[in-house]
Structures are given as C-alpha cells and as structure tokens.
Amino acid sequence: MVSEIKGKDIRTYEVKDEPFYKPVGQEVLQFQLAFENKRPVCLRGPTGCGKTALTEYMAYHLRKSVQEKNPEREVVFPYIESPCHEDITEAHLLGRADL
C-alpha cells in the first residue's frame, strides 16, 4: 500500500523526469554518501545558487539507484521542499525540546 501526504498519493511528489544539473565540485558524491549513511543534509546559500537543482537531481538519481538495487519492489521516493529564509535553523525544521 502506498502512503498519502495531505490526501495525495505520495507518488505525486516524485521527480519523474531527469533534471539538468552540472556539478561544480564534490557535492553529488557528498550528498550520495550522506544518503547511504542516513545522515541529514542542510544546504545553505543565496537565492539562485543551485540548492533546489541539486536536490531535485539527487532525488531522481537516488531513487533510480535504490530501484536498481531492489528491482522486485516499487520504490517510492518523494521530493518535498520546505521554503525557508536566512534566519531558519535546523532546529526550526526538526523541532526542539526546551529543558
């Protein structure tokens, strides 16, 4: 059974077509290593520097690599953006406990 997000089939949020992205350094490898080691990734930078392009590209390629490793299963790999501004920290996105 496929999950839903706000009443929509989760597959609605997949990146289905390969987006264009031209790496400028080791960011693709670093993103892939973080994914394989189940580590979070926080991208920061000015508007237009390529954060969204990189994440869409990685969502497409990571889904493809997971699907190749599990050909007998349907791999659902949603891509969901969280619009932020320069003053938002990871704690705002993940929540925090006041002790």
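Residues numbered from 1 in each chain as written. Predicted model: local features only at pLDDT ≥ 70, side-chain atom pairs only at ≥ 80, totals over all residues. Heavy atoms only, no water.

This brings us to the packing of aromatic side chains. Here the structure, examined in full by the defined rule, presents one aromatic pair. Ring geometry for Tyr21 and Tyr57: centres 5.5 Å apart, planes at 40 degrees, overall tilted. With Tyr21 in the loop between strand S2 (8-9) and helix H1 (27-36) and Tyr57 in helix H2 (residues 51-69), this residue pair connects regions lying 36 residues apart in the sequence. Each member of the pair, Tyr21 together with Tyr57, is buried. (Phe/Tyr/Trp six-rings, centres within 6.5 Å; stacked < 30°, edge-to-face > 60°. Helix = DSSP H or I, 4+ residues; strand = E, 2+ residues; numbered from the N terminus. Buried < 20%, exposed > 50% of the residue type's maximum accessible area, 1.4 Å probe, protein only.)

Its identity is not glycine, yet Lys38 carries a phi of approximately 55 degrees, on the positive side. Relative to the helices and strands, Lys38 resides in the loop between H1 and H2. A relative accessible area of 76% places Lys38 in the exposed class.

Glancing now at the pattern of salt bridges. All chains considered together, the criterion is met by one salt bridge. A salt bridge links Glu14 to Arg63, with the nearest nitrogen and oxygen atoms 3.0 Å apart. Taken as a pair, Glu14 in the loop between S2 and H1 and Arg63 in helix H2 lie far apart in primary sequence, 49 residues in all. Its relative accessible area of 13% is what places Glu14 among the buried residues. Relative accessible area serves as the criterion here: at 25%, Arg63 is assigned to the partly exposed category. (Salt bridge = Lys/Arg side-chain N within 4 Å of Asp/Glu carboxyl O.)

So far we have only geometry, and geometry alone does not tell us how the molecule works.
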